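A closer look at the structure
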Amino acid sequence: MQQGITFENVTYQYPAWGTEPANALTDISASFGGGITAVIGDSGSGKSSLLRVVNGLIPHFHGGNFSGRVRVDGMDVVSTPTRDLARRVGFVFQEPEAGFVRGTVAREVAFGPENLGFDQKLIRQRVTEALESVGIAHLVDRRIKTLSGGERQRVGVAAALASDPNTVVLDEPMSQLDDEGARLLAQTLVAIARSGTRVIIAEHRLAGYLKADRTIQMHEGMFLEAGSKHAIAPPPTLSPPSSDRIIWELDGADVAIDGTVLLSNINLAGREGEVMVITGANGSGKTTLLRALGGLCPLARGTRLAPALGVAYLPQEPGVLLHRARVIDEVAQTLKWLHLDASPIEVLEVLDLAHLAQRDPRDLSVGERQRAALAVVLAGRPRLALLDEPTRGMDERARTSLVRTLALLSAYGTATIVATHDRVLAHQLARTVWRISGGTLVPEEGVGVS
């Protein structure tokens, strides 16, 4: 059978909503041989669309208008059922939880090999090897719903590797990984590429972690020469809060999940207009801390102070907030619920999303969905905003837009807590940065704690 992946004059449009959409891909012709191919570009440049063609999600799942021809190891993508493509292509989504179907790590990673008819001995072997390769063998018996976002991403990678595919396609697999996890994933990808597995990865964080054999840069659905840059205005400097009024506080707080204390003796408070950042390794408890402060996770001990109204929470999975047919409808609904006399299109403009107002959120990249969810959460100018890994899948332009948005919220008096593994962003955003280590909070080195 012919090996390799070829695109011939591929053009694709997602289904239209109200207006004629731009092409997600335009006249793409390319071939992918062995080794590691990196696909880079701004959020919305077409990276995810390109990858979704390889395993048949485009056009089989998304629909829309597709022209051209794509072959994967001799199989025509349009005429080949996705279940057959799945035997050749392992796919890791930007939101791995979207593809999970089992309750525990072991069962999820075993799902692919089971469906391909592997015998039980080989399945156990493949599960063990896949989990070890991404550094989460210790999570084998954990329930997926108890994992952090970064841990779930590693499960998604392990599940793709377990079926021993010819090609592994990864869409922003490092977006929620801490430094250790990103380095380990890079080592794993190099190893499987050397073993003969083709690797295609779209990622904003490759620099310093992974050197690809080939790099493709995309912009507006087309290929550009690698190294092309777009001018990006520097992010604004966030001013210190002008008020000493305490908006939220945790006093002597212990937080337990399933009877196990994850965070102990947390003493923390934030002022009106203050931006505070919480960092820490994957699984350290960043999400748990935000959920506890938002009243979504009960305290085992201690007390919590937070506004009775006006608390907004952005989870790691932005899709859980997006249910309507168009991005603009999502923002309009928030404004309607809160009886606010504001223009939804102006809210979208703040986050550079006005051009996506008519798009279905399901057809956006994760970086774009993350910004759309931010627009929904922040449109009401909450008193307390809890943002869990808000830069997931974002490019540098979108990150700058995020900083600008938080500066506006700070000026309105909103207190914001951002949980992130991104230390560069952490130091851009806040004078106060705390790191979770061993279930307790310690001040991040090099940052003044107020």
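To be clear, the structure that these remarks concern was listed above.
The following refers to the structure shown. (Residues numbered from 1 in each chain as written. Predicted model: local features only at pLDDT ≥ 70, side-chain atom pairs only at ≥ 80, totals over all residues. Heavy atoms only, no water.)

1. With respect to the sheet that holds strand E11 (residues 246–257)
We count it as follows: Between any two strands, at least two bridges found by DSSP are needed for them to pair. In this text, helices come from DSSP runs of H or I with a minimum length of four residues, and strands from runs of E with a minimum of two, each type numbered from the N-terminal end. In this analysis, axes come from line fits to C-alpha atoms, helices being fitted only over the stretch in contact, and the angle between any two N-to-C directions falls in the range 0 to 180 degrees. We call two residues in contact whenever any of their non-hydrogen atoms come within 4.5 Å of each other.
If you walk across this open sheet you meet the three strands as E12-E11-E14, and the pairing is antiparallel. One side of each edge strand has no neighbouring strand; the edge strands of this open sheet are strand E12 (260–271) and strand E14 (299–305). Strand-to-strand twist of the sheet, defined as the mean angle between neighbouring strand axes without regard to direction, takes the value 5°. Sheet topology places E11 next to E14; five bridges connect them, and they run antiparallel. Bridge pairing in E14 places Asp-254 opposite Arg-301. In the packing of helix H8 (residues 286–293) onto the sheet, the strands contacted are E11, E12 and E14, and the crossing angle to E11 comes to about 120°.

2. Structural notes on unusual backbone geometry
In this structure, the amide linkage connecting Ile-58 to the following residue, Pro-59, adopts the cis form with an omega of 10°. Along the polypeptide, Pro-59 turns up in helix H2 (residues 57–60).

3. A look at the nonpolar core
What counts, and what does not: The set of buried Ala, Val, Leu, Ile, Met, Phe, Trp, Tyr and Cys residues whose side-chain atoms join them within 4.5 Å is what this entry labels a nonpolar core. Burial here depends on accessible area, computed with a 1.4 Å probe over protein chains only, as a share of the maximum for the residue type. Under 20% is buried, over 50% is exposed, and the range in between is partly exposed.
Val-331, Leu-348, Leu-374, Leu-387 and Leu-429 are the most contacted members of the largest nonpolar core, which totals 38 residues. Counting only elements with at least two residues in this core, the list comes to strand E13 (275–279), strand E15 (311–314), helix H9 (327–337), helix H10 (344–350), helix H11 (366–378), strand E16 (384–388), helix H12 (396–412) and helix H13 (423–429). Examining the composition of this core, we find that seven residues originate from one element, H11, more than from any other. For Leu-374, the contacting residues outside a window of four places in its chain are Leu-314, Leu-351, Ala-379, Leu-387, Met-394 and Leu-402. In terms of nonpolar packing, the next biggest core, distinct from the first, is built from 37 residues, Val-109, Met-174, Ala-182 and Leu-210 among them.

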